[in-house]
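Fold and geometry: a report
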Amino acid sequence: MKGDYQDLVDEISALLGAPATLENRDFRLIAFGAHDSEDDSAMDPVRTRSILTRQSTAAVRSWFEGFGIARATGPVRIPAAPDAGVFRGRICLPVRYRGIVQGYVWLLDQEPGRPGQSSGPSAAALDAAMEVAERIGVLLAEEAKAGADLSREFLAVLTAGRGWQQDMAVSALRLALGAGGDGLHAAVCVSPWPGEAPASVPGAAAVCVVPRGAGGGGDLAVLLRLRSPDALDPALAAVARLLPGTAGTGATGTGTAGTGAARAGTTGTGTARAGAARAGTAPVGAAAAPGVRPVTAGVAEPIRGLGALPAAWEQAVAAARAAAAQPRLGRVARWSAIGPYRMLAALAADPVDDPAVRALLDPAHRELARTAEVFLDCAGQAGRAAAALGIHRQTLYYRISRVEQLTGLDLDEGEDRLLLHMALKAARLHG
């Protein structure tokens, strides 16, 4: 498929006498023509970054889209803007399929009045190039449709029981993906997900909705293609755009939860809020409304081949649950960044019902439970815990004594602390 794109891009370059680049609708580079010009202005910062990083920034994307390229049905000329790093004007050929934009072919426009240069491609040459762009649109649409068409095979892998059924499901998905099945992928869970799977997800090899069972609803599962284990930023950006209220914003992950990804779901400032975040607890007001789970996403560690896909899906589900339980992780969390929730997700398949903590987890004692969690997150250091909670140290001591009375646990004992800490984190995980 990639070879087909390259051949078509080279065909457009030959038709118009200028090197062309092809990007998908999210401005991720797919193919580019050879460039042998000695003109330094031909490789301006925007073009150089697109080729080297295989994507454009959100600011560049917004600037180009301001010229109406997403709505255009024919070539669009875009003037140079040196202040924006665009030293040369562009010609954009929208790549469409059945009226829906699939991507863009870009060429550098000729500079008007420059000695020794023509006025640019003729109308006939541009018409011929648009016909090639239509063929590219068909390929891009077929690629997107292929991911959706694999939903049945993908779902079978994620829901099959361990053993021969799972092995058969993995083999069927590998066969359907062809050579791409042996490549590098990341499993993603977006939870909860209302309705059907989206028609296409940029960079996805397969997409499906996994039913939740008796509780109703489902989770969106996405199998994302990766170029390398370290190049997760584009994948996290694609995931963030699936979340409500984050499309078109800077709410993309940067490869670690709690950094760029956190911008998608945390906005609080202030000493008390920062202290609570350092303590590992949800700051007041950061969580969703009571009884309403926020839509979050989890990203598993990259895998090569499909044999480890079921385990990767479990990682993605755990990360999504952790992001919902702990707002400081952000709305897009990587499994590698969720800390103790990695173990808790594996151990606590069902809500916690330990007799020692049952009374403390009653809604009537929500403030006491939060106090205990912050105290334990701060390694039992009363000064840090009191500062994080915004209360006097004596108030903290009183609350901890009430916790001990309710649970019968002695928080001077390591095993009692461990039991309470795990129970509180598990309760948070199950919401």
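Note that the structure is predicted; figures quoted are calculated from it, not measured. (Residues numbered from 1 in each chain as written. Predicted model: local features only at pLDDT ≥ 70, side-chain atom pairs only at ≥ 80, totals over all residues. Heavy atoms only, no water.)

**Side note on the overall build of the chain**
A tally of helices and strands in the chain yields 14 helices and 11 strands. Taking all 431 residues of the chain together, the buried fraction comes to 47%. Look at the contacts in the chain between residues 6 or more apart in sequence, and 63% of them connect residues 24 or more apart. Within the structure as shown, the chain displays about 20400 Å² of accessible surface, and the carbon and sulfur contribution to it stands at 54%. (Helix = DSSP H or I, 4+ residues; strand = E, 2+ residues; numbered from the N terminus. Buried < 20%, exposed > 50% of the residue type's maximum accessible area, 1.4 Å probe, protein only. Contact = heavy atoms within 4.5 Å. Areas by Shrake-Rupley, 256 points an atom, 1.4 Å probe, with all protein chains shown as cover.)

**Focus on the confidence of the model for the chain**
On average, the chain scores 78 in pLDDT, and the residues at 70 or more come to 76%. Within the chain, strand E9 (residues 296-299) carries the highest mean pLDDT (93), whereas helix H8 (residues 271-279) carries the lowest (34). Counted against residues more than four places away or in other chains, residues 247-290, with its pLDDT under 50, gives 77 contacts. (pLDDT = per-residue confidence, 0-100.)

**Things to note about the packing of helix H11 (residues 366-377) against helix H13 (residues 393-407)**
Running from amino to carboxyl end, H11 crosses H13 at an angle of 105 degrees, the nearest separation of the two axes being 9 Å. Here H11 lies roughly perpendicular to H13, going by the angle between them. Taking contact as the criterion, the partners of Glu367, Leu368, Thr371, Ala372 and Phe375 in H11 are, on H13, Leu396, Arg399, Ile400, Arg402, Val403 and Leu406. Of the residues that constitute the contact of H11 with H13, the class distribution is 7 nonpolar, 1 polar and 3 charged. (Axes fitted to C-alpha atoms, helices over the stretch in contact; angles between N-to-C directions. Parallel < 35°, antiparallel > 145°, perpendicular 65-115°, else oblique. Nonpolar A, V, L, I, M, F, W, Y, C, P; charged D, E, K, R; others polar.)

**Some words on a nonpolar patch on the surface**
A cluster of nonpolar residues, Met343, Leu347, Leu418 and Met422, forms a patch on the protein surface that exposes about 420 Å² of accessible area. Looking at the nonpolar patch, the elements with two or more residues in it are helix H10 (341-347) and helix H14 (414-430). If you trace the backbone, leucine 347 turns up in helix H10. (Patch = residues over 30% accessible without salt bridge, like charges linked within 9 Å, V, L, I, M, F, W, Y side chains within 5 Å. Salt bridge = Lys/Arg side-chain N within 4 Å of Asp/Glu carboxyl O.)

**What to know about the side chain of glutamine 102**
Mapped onto the fold, glutamine 102 is located in strand E5 (residues 100-108). For glutamine 102, a relative accessible area of 7% corresponds to the buried category. With sequence-adjacent residues up to four places away left out, glutamine 102 is seen in contact with Asn24, Arg25, Val95, Arg96, Tyr97, Gly137, Leu140 and Ala141.

**Describing H11**
Compared with the 16 Å implied by 1.5 Å per residue over 12 residues, the 16 Å span of H11 between its first and last C-alpha is a close match. Along H11, the positions that sit buried rather than exposed are Leu368, Ala369, Arg370, Thr371, Ala372, Glu373, Val374, Phe375, Leu376 and Asp377. Looking one or two residues past H11, alanine 379 carries a phi angle of roughly 60 degrees, positive in sign. (Expected span 1.5 Å × (residues − 1).)

**So, the pattern of salt bridges**
Evaluated as defined, the whole model comprises 9 salt bridges. Aspartate 377 is the partner of lysine 425 in a salt bridge, and the nearest nitrogen-oxygen pair spans 3.2 Å. Of this pair, lysine 425 sits in helix H14 while aspartate 377 sits in helix H11, and the two are 48 residues apart along the sequence. Of the two residues, lysine 425 and aspartate 377, neither departs from the other in class, the shared state being buried. What emerges from the salt-bridge pattern is a single network uniting Glu367, Arg370 and Arg399.

**A closer look at the pairing of strand E1 (residues 20-24)**
Buried residues dominate E1, accounting for 5 of its 5 residues. Of the two faces of E1, the one carrying Ala20, Leu22 and Asn24 and the one carrying Thr21 and Glu23 are both buried. Across 5 bridges, the pairing between E1 and E5 is antiparallel. Counterpart to asparagine 24 in the pairing with E5 is glycine 103. Joining the antiparallel neighbours E1 and strand E2 (residues 29-32) is a turn of 4 residues, in which phenylalanine 27 adopts a positive phi near 65 degrees. (Pairing = 2+ DSSP bridges.)

**A closer look at unusual backbone geometry**
Here the amide bond leading from serine 191 into proline 192 is cis, since omega sits at -10 degrees, within 30 degrees of zero. Position of proline 192 among the secondary structure elements: in the loop between strand E6 (184-191) and strand E7 (204-211). With a phi close to 50 degrees, arginine 98 is a non-glycine residue in the positive phi region. Note that arginine 98 resides in the loop between strand E4 (90-97) and E5.

**A closer look at helix H5 (residues 151-159)**
For H5, the complete set of buried residues consists of Glu153, Phe154, Val157 and Leu158. Down the axis of H5, the sector holding all buried residues measures 135 degrees, keeping them to one side. (Arc of directions from axis to C-beta.)

**Looking at the pairing of strand E8 (residues 218-225)**
The side chains of a regular strand alternate, residue by residue, between the two faces of the sheet. The buried fraction of E8 amounts to 7 of the 8 residues, a majority that puts the element mostly inside the structure. Across 6 bridges, E6 lies against E8 in antiparallel orientation. Its bridge partner lying in E8, histidine 185 is registered against arginine 225. Here E7 runs beside E8; their pairing, made up of 7 bridges, is antiparallel. Each residue of the ladder has a partner; that of valine 209, found in E8, is leucine 220.

**A word on the sheet that holds strand E3 (residues 76-78)**
Taken in spatial order, the 5 strands of this open sheet run E2-E1-E5-E4-E3, and their pairing is antiparallel. Single-partner strands in this sheet number two, and they are E2 and E3. Going across the sheet, the axis of each strand differs from the next one's by a mean of 25 degrees, ignoring polarity. Both E3 and E4 contribute to a ladder of 3 bridges, which runs antiparallel.

**A closer look at a negative patch on the surface**
On the surface, a cluster of negative charge is made up of Asp410, Asp412, Glu413 and Glu415. The topology assignment puts aspartate 410 in the loop between H13 and H14. We classify aspartate 410 as partly exposed; its relative accessible area is 33%. (Lys, Arg positive; Asp, Glu negative; His and termini not counted. Charge placed at Lys NZ, Arg CZ, Asp CG, Glu CD.)

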